[in-house]
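This is what each chain is made of:
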Amino acid sequence: MLTAKQLSELSNISIRIRKNIIEMTHYAKSGHPGGSMSMTDIITFLYFNWLNIDPKFPKKEDRDIFVLCKGHAAPALYSAMAIKGFLPEEELKTLRSIGSRLQGHPDMKALPGIEMSTGSLGQGLSVAVGMSLALKLDKKKNRVYGVMGDGELQEGQVWEAMMSAAHYKCDNLCVFIDNNKQQIDGNIADVMGVEPLTDKLKAFGWEVINIDGHDFEQIESALVAADKVVGKPTVIISDTVKGKGVSFMERQLCFHGAPCNDDQKAKACSELDIKNGVCGCQI
Amino acid sequence: MSDLAMRDYYAKALIALGKVNKDIVVLDADLSCSTRTEKFAKEFPDRFFNAGISEQDCIGMSAGFACMGKTVFASSFAMFITGRTWEQIRNSVCYPKLNVKVCATHAGITVGEDGASHQALEDIALMRILPNMRVIVPADALEAEQAIHFVAKEAGPFYVRMCRGATPVVFNEGECDFQLGKNKVLKDGNDLTIMACGIMVDMALKAADVLKNEHNITAAVVNVSSIKPIDEENIYQMATKTGAFVTAEEHTIYGGMGSAVAEVTAKKCPIPIEMLGVNGVFGESGKPNDLLNKHNLTVQGIVDKALAVKSRK
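Worth saying up front: this structure is predicted, and the values here are computed from it rather than measured.

## Points about the overall build of chain B
What chain B contains, in helices and strands, is 13 helices and 14 strands. Relative to the 2.2 N^0.38 estimate, which gives 20 Å for 313 residues, the radius of gyration of chain B is 19 Å and therefore close to what a compact globule would have. Across its three principal axes, chain B shows a C-alpha extent of roughly 60 × 40 × 35 Å. Residue burial in chain B is summarised as follows: out of 313 residues, 65% are buried. Contacts in chain B between residues far apart in sequence, at least 24 positions, make up 78% of those at least 6 positions apart. Here chain B has roughly 11400 Å² of accessible surface; of this, 49% comes from carbon and sulfur atoms.

Written out as structure tokens, the structure reads:
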């Protein structure tokens, strides 16, 4: 159970991450704010209340492994990593610029703490399965976590990996689906429907948990439950909102792959500042 | 000495490596019986993973194992493990420079009866253009065995291309000395050089004999088993010395070993080159030898190209 203080801290961090996402993509004049903001609460919880990771020792032997399958949400990951101490928060401004460690999509060779280079959708889950099996082979207790997009589930390779994870009983593997229900070309239901997800994933042999992906308490209970699952992998289908946290960005497709303009950025940041103030009062 | 199959020596090398290195893992995509990785699986069942008929997942899982410090061998037919998975190899193996060895069997037209859908004639080109990827095409079973031992020690991505059938022995025991980035001059000559790889190396040696005995032409024969990195120095030396090349490979003439050689000569020492390979067409079903004959991938085919290039000097 999370205390009121923990909840308030997580909430403050998630606002800071969202503000970073707005600012860094605005500064880069490119990037994917919408899908970064939909998974912000998940990455916040993982990085600040769950994963066994240490920015001072990014390769430590017993660390948990995190794979950002939906690599275009890199701004959310970089921001969480910066606040955690993997890189200076100031460096976030270099996103997508030449020579930066913060490539448009995560590059494990560039930035310590990135476990796998991703960006081409559909490949991350297979990699996570390989990691899970390697850890099991070595009888290690580390766990593997991932965040996938719901649109990403349209990639055929995802379902190959869904099969292999269940076949090989990867119970040290737990992935979130950031179910924001939108993709570049429109609503997922219109472009290429992926539902019924719960039934499909159960049929593929996974433990399926459904949560509100913006509720820290639900995220925590899902992760606690996933830890106890034996003999199969767990998927946490997280109901989320694209662009979550800024009123005029929510569910707006134009923010999938494009940043705020100057006015929008100012407005978004002031909205988030106000929220931060409100959160502050609750402590 | 009787013919030997590269894939049998692949399995032999894997087992030898598996015994001394517990971090070796092998993956296959439902063709372990054909690729011979099943022999490794029998010996080390806990370190063999069958991805089923899903090559893309096979490569992705291989990348995951490599992220966790394993030395990974991923096998299937050349057609599927390079074609179906090209983008997975590019983005999940080569870009992060992971320790994955893509080891294909059943490359080229000598797959035979299965026909065009199974005859990889583009795989050298597909793998050669990828940054961080190294490409090896052994000339015979012993060189295949050595190459496997080599890639296991050398970090990062490799593609090793092997064929299906038993092939003539080019190297006697103790003679083979595979080195990455090094051509091996198997026969010296002054009039032209035959640059060959894979099953064409043995034919090139025989073609050199024919050229000497019937045409009074001395042809050097070079084994280009390291296609990437390629031995620029040797290519330059042989070009300077003999002034004309025939390249011979069981692959399309576009983008393969011949192209790799020509990229070097074009830059450093332009000379006439005749390229022998499959002329940008699909294969078909048939006995391996009938298919080789149809596409002139024969001793006579090399001789004809040699005479043609000599006349262009």
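Let us keep going from here.
## Examining the packing of helix H1 (residues 4–28) of chain A against helix H4 (residues 74–84) of chain A
Residue and element names in this part refer to chain A. Following both chains from N to C, one finds H1 and H4 inclined at 125°, their axes separated by 9 Å at the closest point. The angle between the axes of H1 and H4 places the two elements in the oblique class. By crossing handedness, the relation of H1 to H4 is classed as right-handed. On H4, the residues that touch Ile13, Arg16, Ile17, Asn20, Ile21, Met24 and Thr25 of H1 are Pro75, Ala76, Tyr78, Ser79, Ala80 and Ile83. In the contact of H1 with H4, the residues fall into 9 nonpolar, 3 polar and 1 charged.

## Section: the interface of chain A and chain B
Across the boundary between the two partners, chain A contributes 26 residues, which contact 25 residues of chain B. Between chain A and chain B, a total of about 2100 Å² is buried, with carbon and sulfur atoms accounting for 61% of that surface. When the buried area of chain A at its contact with chain B is split by residue, A:Gln123, A:Leu137 and A:Glu160 rank highest and sum to 25% of it. Seen at the junction of chain A and chain B, the total is 1 salt bridge. A salt bridge links A:Asp138 to B:Lys70; the nearest nitrogen and oxygen atoms lie 2.7 Å apart.

Conventions and cut-offs
- Residues numbered from 1 in each chain as written.
- Chains lettered and ligands numbered in written order.
- Predicted model: local features only at pLDDT ≥ 70, side-chain atom pairs only at ≥ 80, totals over all residues.
- Heavy atoms only, no water.
- Helix = DSSP H or I, 4+ residues; strand = E, 2+ residues; numbered from the N terminus.
- Rg over C-alpha atoms; globule rule 2.2 N^0.38 Å.
- Buried < 20%, exposed > 50% of the residue type's maximum accessible area, 1.4 Å probe, protein only.
- Contact = heavy atoms within 4.5 Å.
- Areas by Shrake-Rupley, 256 points an atom, 1.4 Å probe, with all protein chains shown as cover.
- Axes fitted to C-alpha atoms, helices over the stretch in contact; angles between N-to-C directions.
- Parallel < 35°, antiparallel > 145°, perpendicular 65-115°, else oblique.
- Left-handed = near helix turned anticlockwise from the far one by under 90°.
- Nonpolar A, V, L, I, M, F, W, Y, C, P; charged D, E, K, R; others polar.
- Buried area = accessible area lost by both parts, 1.4 Å probe.
- Salt bridge = Lys/Arg side-chain N within 4 Å of Asp/Glu carboxyl O.

The values reported here are purely geometric and, on their own, carry no functional implication.
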